[in-house]
Amino acid sequence: MGSLVLSRLIICLVLLSVSKAEDPYRYFTWTVTYGTASPLGVPQQVILINGQFPGPRLDVVTNDNIILNLFNQLDQPFLLTWNGIKQRKNSWQDGVLGTNCPIPPNSNYTYKFQTKDQIGGYTYFPSTLMHKAAGGFGALNVYARPRIPVPYSLPAGDFSLLIGDWRTSSHKGLVHYLDSGKSLTFPDGVLINGRTQSSYSGDQGKTYLFRISNVGLSTSLNFRIQGHKLKLVEVEGSHTVQNIYDSLDVHVGQSVSVLVTLDQAPKDYYIVASTRFTGRVLTGTALLHYTNSQTPVSGPLPAGPTYHIHWSMKQARTFRWNLTSNAARPNPQGSYHYGRIRTSRTIVLANSAPLINGKQRYAVNRVSYINADTPLKLADYFEIPGVYSMDSIQGIPYEGPAYVATSVMPATHHEFVEVVFQNNEKAMQSWHLDGYDFWVVGYGFGQWTEASRHSYNLVDALTRHTVQVYPKSWSSILVSLDNQGMWNLRSAIWERQYLGQQFYLRVYNPVKSFQNEYGMPRNALLCGKAFGRRP
Ligand SMILES: *[C@@H]1O[C@H](CO)[C@@H](O)[C@H](O)[C@H]1NC(C)=O
Ligand SMILES: *[C@@H]1O[C@H](CO)[C@@H](O)[C@H](O)[C@H]1NC(C)=O
């Protein structure tokens, strides 16, 4: 008996060392509190992480194990989600209400996740109660492992720029407003890293990496730097063909990384983020400062596109995979021939803005999502019936009035699916899928039809986690459902997400195996109908 126990122990130790030991652990303790800031000159309540607004920049390396203990000192439950971190086999750590109980006031939860096989510039942000309108967001950069090359010379430095629309109303005021059936008002300004005058310095002649993420609530932005070109190198974990741009559109929830060479006369230059597709254009600025500059910034702000939808769609089509360069792993991106894989089905998702019981809601294929009191993941684990419904949302749009439900779409592990986002509204859309990145194969005007597939890029489309859909247009993606779990597919436009334009994709495998999905974490918080249960 003794030797059996011993040999099991040895097997356990070997397994542990094989699965984890080579990847470093990184420990963080974060405390969330309220504070006061005046980003637009008016003092307002903001959400701080470790006293900072925006939150601290989280710099990690591919495959790092992150152990992040989050203490909530707000007067409301709180959750952070890791936008674009794929949480392989681990939707338990996704930090949305379908997977996690919110952390109650004056308590904590320790996130444990790995940045498995990822590189790139990402973000984190609060996922509940419009907290995102008050801050709590930050940059999350995943650097390549030392021996894995990146397809550009190492920059002299790198900057993370969080750009976003901003409102002076409090997050509680916004929740009250939305709950009472009104839609969000026009933003009051555009911030860059939580300010209107942040400054970034570099040496003349050197090249810097700028990681730009749109962390705003609702507005697409155009980004540009006076007198300087932007060389696009990475989009949400894809290494791109390195095209040169005067300016780039970054839609809500998206991230891009560009190289900027300080090849101009030594002075200060404007960095600009301005609203797209809005009647009135709001502009946020920051400064690019040459270390040898004696000359303050001057001249008009560089002009950018304002309503030009064709311009934006054309630019989006120029974002392409560099097939010969690698990403997080040594093999070239182009060795995965996504365009030759047969799709198992086509899901068409049409957004709408119905009134339900006289109040503004947003819906997908007629269903407006409402949160359950119990995370869907816990309902599955404890086999609690009646928490969500798998027959409410359909895979294609159909006629009829909208209704509310906790909608979950079933999907089979390892399916390869085509998803078409059909936007029949005049409003810009931005769609995000947790747990995955996907190939954005096409954008088009009007109604998607099967013939639209002729325009797909089946060779060098890039993968990303958030795709924009232009007014009265469609966007198509291909996605390999190789990550078992409960995954949120949502509008990145935060008012729409809050009022129902989201659902969960339950990527399921009838064979229960830790090879496919990790078990419930031992420290999982239990709430709703799972409260007090023991695994
Ligand atoms: C809360 O923090 C303590 C350490 O201060 C830790 O032991 C505990 O596991 C944390 N709770 C959760 C639910 O992660
Ligand atoms: C693609 O990446 C390779 C490095 O793997 C690089 O040498 C090449 O210049 C890149 N091509 C383009 C068009 O960006």
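Up top is the structure.
The structure reproduced in this document is the subject of the present report. The residue numbers shown here count from 1 along each chain, following its written sequence. Chains carry letters from A onward and ligands carry numbers from 1 onward, assigned in written order. Owing to the predicted nature of the model, reporting of local features is limited to residues with pLDDT of at least 70; listing and counting of side-chain atom pairs is limited to 80 or more, with chain, interface and lining totals taken over all residues. Hydrogens are left out, water is left out, and the side-chain values use all remaining heavy atoms of the structure.

1. Section: the nonpolar core
One recurring pattern in soluble globular proteins: nonpolar side chains tend to sit buried together.
Next, step 1: The set of buried Ala, Val, Leu, Ile, Met, Phe, Trp, Tyr and Cys residues whose side-chain atoms join them within 4.5 Å is what this entry labels a nonpolar core. In this scheme, a residue with accessible area under 20% of its type's maximum is buried, one over 50% is exposed, and one in between is partly exposed, where area comes from a 1.4 Å probe on protein chains only. Ranked by size, the top nonpolar core spans 52 residues in total, and within it Leu349, Phe421 and Phe503 carry the most contacts.
Next, step 2: Among the elements that make up this core, the one with the highest residue count is strand E35 (residues 502-508) (4 residues).
Next, step 3: Those residues within four positions of phenylalanine 503 in sequence are excluded, and the remaining contacts are Leu349, Val364, Tyr369, Ile393, Ser407, Met409, Trp487, Asn488 and Leu489.
Next, step 4: Membership of the second largest hydrophobic core comes to 43 residues, among which are Tyr200, Phe210, Ile225 and Ala286. What counts as a helix is a DSSP run of H or I of at least four residues, what counts as a strand is a run of E of at least two, and both are numbered from the N terminus. Here, two residues are considered to be in contact whenever any of their heavy atoms come within 4.5 Å of each other.

2. What to know about the sheet that holds strand E6 (residues 107-114)
Next, step 1: In this description, strands pair whenever DSSP reports at least two bridges between them. Read across the open sheet, the 4 strands follow the order E2-E1-E4-E6; overall the sheet is mixed. Looking at the sheet topology across the chains shown, the edges are occupied by strand E2 (44-49) and E6. On average, each strand axis in the sheet is inclined to that of its neighbour by 20°, with strand direction left out of account.
Next, step 2: Sheet topology places strand E4 (residues 65-72) next to E6; 8 bridges connect them, and they run antiparallel. Looking across to E6, one finds that leucine 70 is bridged to tyrosine 109. Only the stretch in contact is used when a helix axis is fitted, and all axes are lines through C-alpha atoms; the angle between N-to-C directions ranges over 0 to 180 degrees.

3. Some points on the site of ligand 1
Next, step 1: Proximity criterion: a residue is near a molecule or strand once any of its heavy atoms comes within 4 Å of it. Around ligand 1, the structure places Asn69, Phe71, Asn108, Tyr109, Thr110, Asn523 and Leu525.
Next, step 2: Contact between ligand 1 and asparagine 523: an oxygen atom at 3.0 Å from a side-chain N or O atom of the residue.
Next, step 3: For the shell around ligand 1, the elements supplying multiple residues, two or more each, are E4 and E6.
Next, step 4: For the shell around ligand 1, the element with the highest residue contribution is E6, accounting for 3 residues. N or O atoms closer than or at 3.5 Å make up a polar contact, with two conditions inside protein: a donor-capable atom paired with an acceptor-capable one, and, for residues adjacent in sequence, both atoms drawn from side chains.

4. Notes on the site of ligand 2
Next, step 1: Taken together, the neighbourhood of ligand 2 is formed by Pro151, Val241, Gln242, Asn322, Thr324 and Ser325.
Next, step 2: At a separation of 3.1 Å, an oxygen atom of ligand 2 approaches a polar backbone atom of glutamine 242.
Next, step 3: Method for areas: the Shrake-Rupley scheme with a 1.4 Å probe, in which residue coverage is limited to the protein chains shown. Compared with its free state, where it exposes 360 Å², ligand 2 has 49% of that area covered by protein.
Next, step 4: In this classification, Asp, Glu, Lys and Arg are treated as charged, Ala, Val, Leu, Ile, Met, Phe, Trp, Tyr, Cys and Pro as nonpolar, and every other residue, Gly included, as polar. When the residues that make up the shell around ligand 2 are grouped by side-chain class, the tally is 2 nonpolar, 4 polar and no charged.

5. Quick notes on the sheet that holds strand E8 (residues 138-143)
Next, step 1: Pairing in this open sheet of 4 strands is mixed, and the strands run E3-E8-E7-E5 from one edge to the other. The open sheet has two edge strands, strand E3 (58-61) and strand E5 (80-83), and neither has a second partner. Averaged over all pairs of adjacent strands, the angle between their axes in this sheet comes to 25°, without regard to strand direction.
Next, step 2: Relative to E8, strand E7 (residues 120-126) runs antiparallel, the two being bridged by 5 bridges. From the neighbouring strand, tyrosine 122 faces E8, where its bridge partner is leucine 140.

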